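Spelled out from the first residue to the last, the chains are:
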Amino acid sequence: MRKMKICFFSGDITRSGGTERAACMIANGLAAQKEYKVCVLSLVEQAAQKRPFFYLDSKISHEALGQQWIQPGPKYLALIPKLRRFLKQREIDWLIDIDIVLDALAVPAAYKSKTKVISWEHFSFGYETSKRFGYRNFILRHVTTKSNRIITLTEKDRQAYLHGIRRLPPIRSIYNPVEKAPSENIQNKKQWIITVGRLVYEKGIDYLLHTAEIVLKKYPDWQWLLLGDGDRKEWLNAQIQKRHLEKHLLVKGKVADVDAYLAQAQIFVLTSRREGLPMCLLEAKAHGLACVSFDIETGPDEIISDGVNGFLIPAYDDVKMAEKIGQLLEHANLRHTFMENAAVGIEKFRLETALQQWNEVLLTRCE
């Protein structure tokens, strides 16, 4: 029997973000099943060795559509025939866009062909419709709606789509999965607070700085590690020096083994302005960290059980966040209780659950 051919379409699968990590996990899981043959196509592969940052099974081929990065816009038009040829030559049944911007290429390239397009939404509906990213809003309303399926990361976002856009294709929510981390002895952990994410405006780096300044000046025995890179890195480093936090707020940049840091930390903090489903928060739970996050529109409240394994803070109230982090630092018993309860609610984020739901989508007849 002919295997169903699945292609994950990425901006650059060699990047180290949560989107790429989730795509590699689902691709690996599907490739292990007898029903599918899986490949990955990127617009470009910018890593020096042209190798994915996250593990990708050797059975899964990966290649790039072009050599240079192209910003969304008129230059995308030249890539559509090239993508259409790729889909035809590889006899792709399902093309899974891991960013809705790629729908601008995938939907016209697959038009009137055997290939069906899944738009896998990794950001929140509010992010996509914000004025700050007008081109994403345009693609969402005029191109994504013409895909064959839409997958959101949360039920909240699925409902936002249903209420905010007319004439949608079939839409469902599937959580991104997280791998179970090995058990770690709480007593062996360091006095580390940790944040993982891009150093960009959307991740609330300004809120993080203010929160960290309050916390670390009151509790100098603790360190706050920030793993990630981005366009706010120079600004952040300058502010750290200005506030004399160099020994306490440590910007590590992009690291190869995030898990090794999570394994040693006790508290994870998320200060994002918006998220789809923050993989970093899921990974922190898997490693048994107490989690503190702004209660933004989507994501954290589906991961953290407030008062059980972490705190949900009113959005953007960095003073309240600093107060709650201080509470965890002062009361080891509460901190350890949250850490021991980290796995509460994590079952719905298991890989087996996500793969079962993806199978339901891929094996359902698409008209």
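First, a word on scope: everything that follows refers to the structure included in this document. (Residues numbered from 1 in each chain as written. Predicted model: local features only at pLDDT ≥ 70, side-chain atom pairs only at ≥ 80, totals over all residues. Heavy atoms only, no water.)

Topic: the overall build of the chain
- In terms of helices and strands, the chain carries 13 helices and 13 strands.
- The C-alpha radius of gyration of the chain comes to 21 Å, within 12% of the 21 Å expected for a compact globule of 367 residues.
- Projecting the C-alpha coordinates of the chain onto the three principal axes gives extents of approximately 65 × 45 × 40 Å.
- Taking all 367 residues of the chain together, 55% fall into the buried category.
- Sequence-distant contacts, at least 24 apart, represent 68% of the contacts inside the chain between residues at least 6 apart.
- Across the chain, 53 positive and 43 negative side-chain charges occur, with their mean positions spaced 6 Å apart. (Helix = DSSP H or I, 4+ residues; strand = E, 2+ residues; numbered from the N terminus. Rg over C-alpha atoms; globule rule 2.2 N^0.38 Å. Buried < 20%, exposed > 50% of the residue type's maximum accessible area, 1.4 Å probe, protein only. Contact = heavy atoms within 4.5 Å. Lys, Arg positive; Asp, Glu negative; His and termini not counted. Charge placed at Lys NZ, Arg CZ, Asp CG, Glu CD.)

Examining helix α2 (residues 79-90)
- Its 12 residues give α2 an end-to-end C-alpha distance of 17 Å, which sits within 8% of 16 Å, the value for a rise of 1.5 Å per residue.
- When we look at burial in α2, the residues that qualify are Leu79, Ile80, Leu83, Phe86 and Leu87. End-on, the buried residues of α2 take up no more than an arc of 120 degrees, which puts them together on one face. Counted as exposed and oriented over 90 degrees from the buried face of α2: Lys88 and Gln89.
- Against the buried residues of α2 lie β1 (4-10), β2 (36-42), β3 (61-64), β4 (94-97) and α3 (103-109).
- A positive phi of about 55 degrees marks glutamate 91, the residue just after α2. (Expected span 1.5 Å × (residues − 1). Arc of directions from axis to C-beta.)

Section: the environment of glutamine 71
- With respect to the element layout, glutamine 71 can be found in the loop between β3 and α2.
- Classification of glutamine 71 by relative accessible area gives exposed; the value is 55%.
- Sequence separation between glutamine 71 and glutamine 266 is 195 residues, and the spatial gap between their C-alpha atoms is 39 Å.

Structural notes on unusual backbone geometry
- With phi around 55 degrees, glutamate 91 is a residue other than glycine that occupies positive phi space.
- Tracing the chain through its elements places glutamate 91 in the loop between α2 and β4.
- The phi dihedral of tyrosine 316 is positive, around 75 degrees, even though this residue is not glycine.
- On the secondary structure map, tyrosine 316 appears in the loop between β13 (310-314) and α11 (318-330).

Details of the nonpolar core
- With 57 residues, the main nonpolar core has Phe8, Val38, Trp120, Ile194 and Phe268 as its most contacted residues.
- Residue contributions to this core peak at 7 residues, all from helix α1 (residues 18-31).
- Excluding residues that lie within four positions of it along the chain, tryptophan 120 makes contacts with Phe8, Ala22, Ala23, Ile26, Ile96, Asp97, Ile98, Asp99, Ile151, Leu153, Asn176 and Trp358.
- One finds Ile205, Phe294, Phe311 and Met339 within the second-largest nonpolar core, a separate group that totals 33 residues. (Core = buried A, V, L, I, M, F, W, Y, C linked by side-chain atoms within 4.5 Å.)

Description of the pairing of strand β12 (residues 290-295)
- By the criterion of burial, β12 is predominantly enclosed, with 5 of the 6 residues buried.
- Summarising the sheet, strand β11 (residues 267-270) and β12 pair through 4 bridges and their orientation is parallel. The residue of β12 that forms the bridge with phenylalanine 268 is cysteine 291.
- Following the chain from β11 across helix α10 (residues 279-286) to the adjacent parallel β12, one finds a crossover that is right-handed.
- Relative to β13, β12 runs parallel, the two being bridged by 5 bridges. Bridging from a neighbouring strand, aspartate 295 pairs with proline 314 of β13. (Pairing = 2+ DSSP bridges. Right-handed = clockwise from strand over helix to strand, strands pointing away.)

With respect to the pattern of salt bridges
- Taken as a whole, this structure holds 18 salt bridges when the rule is applied.
- Between arginine 90 and glutamate 63 there is a salt bridge whose closest N-O contact spans 2.6 Å. Of this pair, arginine 90 sits in helix α2 while glutamate 63 sits in strand β3, and the two are 27 residues apart along the sequence.
- Taking the relative accessible area as the measure of exposure, arginine 90 reaches 32% and is therefore partly exposed.
- On the basis of relative accessible area, glutamate 63 is assigned to the partly exposed category, the value being 28%. (Salt bridge = Lys/Arg side-chain N within 4 Å of Asp/Glu carboxyl O.)

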